[in-house]
Structures are given as structure tokens and as C-alpha cells.
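Chain residues, written in single-letter form:
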Amino acid sequence: MSIQQNLLNIKSTLPEHVTLVAVSKTKPVVDLMEAYTAGQRIFGENKIQEMVDKWEQMPKDIEWHMIGHVQTNKVKYMAPFVSLIHGIDSLKLLEEIDKQAKKNNRIIDCLLQIYIAEEESKFGLDEEELTAILSSSTFKELKNIKILGLMGMATFTDNQNQIQKEFTHLKSIFDRLQSRQTENFKLQTVSMGMSGDYQLAIACGSTMVRIGSSIFGGR
Ligand SMILES: *Cc1c(COP(=O)(O)O)cnc(C)c1O
């Protein structure tokens, strides 16, 4: 099936409150343009340089989401245009994003990545580390970032019960944080769910799904 058809099929199954991030990493600009022509305006990339290259070549009404692990020294390249950074896992990274956002006279929206999987390789914070960041005086002084919610990746497994447990865990942390909201911490977004598990993620409370291969084909 075409990219356009894949996209329309997926969109027709998404509830209205769920935002679709089309994950276009490794795919050429012609493929992204096919999705753009079909109406898609939010794209997710996991490498900063690749996202910058695509941003330069594509229409300027696109929202670019950084969904991969972010290296502190590369934040400056995306700071002028990135619209949401999903994978924040340290206060040091937030401080750098705040600094680069200030230079660009912007407030950059971010999600904190929570470690919910049973795999060693996945990045993210546990609830204790998350609370420590939110409680720190350094965080409270960051005026050029805004935390809009949480992001997580489930274990890569066929075990639906386990995936459900992990998504539910993320949503429960999100719910517990409601009372801690401040000027730069406004909870709106739960980013969870990929091609293989987005329906389950939505059932568990996801408000933003990141879908790549089901739209653009395998990588
Ligand atoms: C690649 C990627 C996705 C999309 O994965 P698919 O299985 O292709 O839908 C979602 N989230 C993150 C963080 C990714 O790196």
C-alpha cells in the first residue's frame, strides 16, 4: 500500500484526542513529502543532523519532533526550529535546551522520558529521578523550556500483558504528577505507542503515538 493510504488508514483508527507523529527516520524526503501531501504535518526523527537536513528541504509549516536520544552538544542545531523533544532524561540536558532556547528567543516544549521497559538498552528516568528533577531549584529557574508530559517505550516483546503493564505504569506516574504542575511543567501529553503497540497504548491512556514502519514501510 502507498504511504498516503497507510497514513489515512491509521488516522481513521485514532481517537480525536490522540496526536500522530509520523516517524520518518532513515526515509528519504520524497517519502516524507508523500505524507505531507496527504495532510501530515508532524514528523518524528531520531538523529539531529538528519532532522536538520530534512527541515531545510521541506515546507516550513511542519512540526519536527526529536524522538531519539539527545546528545547535549547537538542541541544547538535543532534549537531554532524543533517543536517537541521527547527523550529528555537528565537535568543537564534540560539546562542545555533552556540555554539554546533562550539564544533563539524561544520556549522549547519537552517530554521527560520514563524508563518502563525491562530492557537494559532503553533510556529514561525512574520515578525517583523524575521527582528529583522537578523538585530541584535549578529546574524551577528554567524559563525557556516547558515540560508538557512524559514519553516511554515498552519492551520489544509479543507479551501483551507485559506491554500493557508498562504503559499503565507510565500513565500512573503521569496521573500522580498532576498536583505538581508549575509554570514550566504543564501536563498534557503521554507519548507512548509505536507501530506494533499503539492501539494498546491508546487503551492505556496515550495521547500521542509515534508510528514509523506502518506508514513508511520497514527500515
Ligand atoms: C523508530 C521509533 C518509533 C517508531 O517505530 P515503528 O515501530 O517504526 O513505528 C517510535 N518511537 C521511537 C522512539 C523510535 O525510535
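Residues numbered from 1 in each chain as written. Predicted model: local features only at pLDDT ≥ 70, side-chain atom pairs only at ≥ 80, totals over all residues. Heavy atoms only, no water.

Concerning the packing of aromatic side chains
One pair of aromatic rings is described through two measures. These are the centre distance and the angle between the planes. Summed over all chains, the structure comprises two aromatic pairs. Consider the rings of Phe-43 and Trp-64, whose centres lie 5.8 Å apart with planes at 35°: the pair is tilted. With Phe-43 in strand 2 (residues 42–45) and Trp-64 in strand 3 (residues 63–66), this pair connects stretches of sequence that are 21 residues apart. With respect to burial, Phe-43 and Trp-64 carry one shared label: buried. Consider the rings of Trp-55 and Phe-81, whose centres lie 4.1 Å apart with planes at 5°: the pair is stacked. Of this pair, Trp-55 sits in helix 3 (residues 48–57) while Phe-81 sits in the loop between helix 4 (75–78) and strand 4 (84–88); the two residues are 26 residues apart in sequence, bridging distant segments of the chain. The exposure class of Trp-55 is partly exposed, given its relative accessible area of 25%. Phe-81 gets classed as buried once you look at its relative accessible area, which sits at 11%. Between Arg-41 and the ring centre of Tyr-36, over which it is positioned, the NZ or CZ distance is 3.6 Å. The ring of Trp-55 has Lys-60 lying over it, and the distance from NZ or CZ to the ring centre is 5.5 Å. (Phe/Tyr/Trp six-rings, centres within 6.5 Å; stacked < 30°, edge-to-face > 60°. Helix = DSSP H or I, 4+ residues; strand = E, 2+ residues; numbered from the N terminus. Buried < 20%, exposed > 50% of the residue type's maximum accessible area, 1.4 Å probe, protein only. Lys NZ or Arg CZ within 6 Å of the ring centre and 35° of its normal.)

Overview of the site of the ligand
Around the ligand, the neighbouring residues are Val-23, Lys-25, Ile-67, Met-151, Met-153, Met-194, Ser-195, Arg-210, Ile-211, Gly-212, Ser-213 and Arg-219. Separating an oxygen atom of the ligand from a side-chain N or O atom of Lys-25 is a distance of 2.7 Å. Within the complex, 90% of the 390 Å² of free accessible area of the ligand lies under protein. Tallied by class, residues from the shell around the ligand come to six nonpolar, three polar and three charged. (Near = heavy atom within 4 Å. Polar contact = N/O pair within 3.5 Å; in protein donor to acceptor, adjacent residues only side chain to side chain. Areas by Shrake-Rupley, 256 points an atom, 1.4 Å probe, with all protein chains shown as cover. Nonpolar A, V, L, I, M, F, W, Y, C, P; charged D, E, K, R; others polar.)

Some thoughts on the pattern of salt bridges
Tallying each qualifying case throughout the model produces six salt bridges. Of the charged contacts, one joins Arg-41 and Asp-61 as a salt bridge, the two residues approaching to 3.2 Å between their closest N and O atoms. Of this pair, Arg-41 sits in the loop between helix 2 (29–37) and strand 2 while Asp-61 sits in the loop between helix 3 and strand 3, and the two are 20 residues apart along the sequence. Look at Arg-41 and you get partly exposed, because its relative accessible area is 30%. When the shortest N-O distance is used, the salt bridge between Arg-176 and Glu-127 registers 2.9 Å. Here Glu-127 lies in helix 6 (residues 127–135) and Arg-176 lies in helix 8 (residues 160–176), a separation of 49 residues in the sequence. With a relative accessible area of 46%, Arg-176 lands in the partly exposed category. Via salt bridges that share partners, Glu-45, Glu-50 and Lys-54 belong to a single interconnected network. (Salt bridge = Lys/Arg side-chain N within 4 Å of Asp/Glu carboxyl O.)

Considering the UniProt feature "modified residue: N6-(pyridoxal phosphate)lysine" (unreviewed entry) in the protein chain
UniProt's entry tags Lys-25 with the feature "modified residue: N6-(pyridoxal phosphate)lysine" (unreviewed entry), counted in the numbering of this structure. Of note, Lys-25 is situated in the loop between strand 1 (19–23) and helix 2. When sequence neighbours within four positions are dropped, the list of residues in contact with Lys-25 reads Gly-44, Glu-45, Asn-46, Glu-50, Lys-54 and Arg-219. (UniProt positions renumbered as here; feature names shortened; annotations may be inferred. Contact = heavy atoms within 4.5 Å.)

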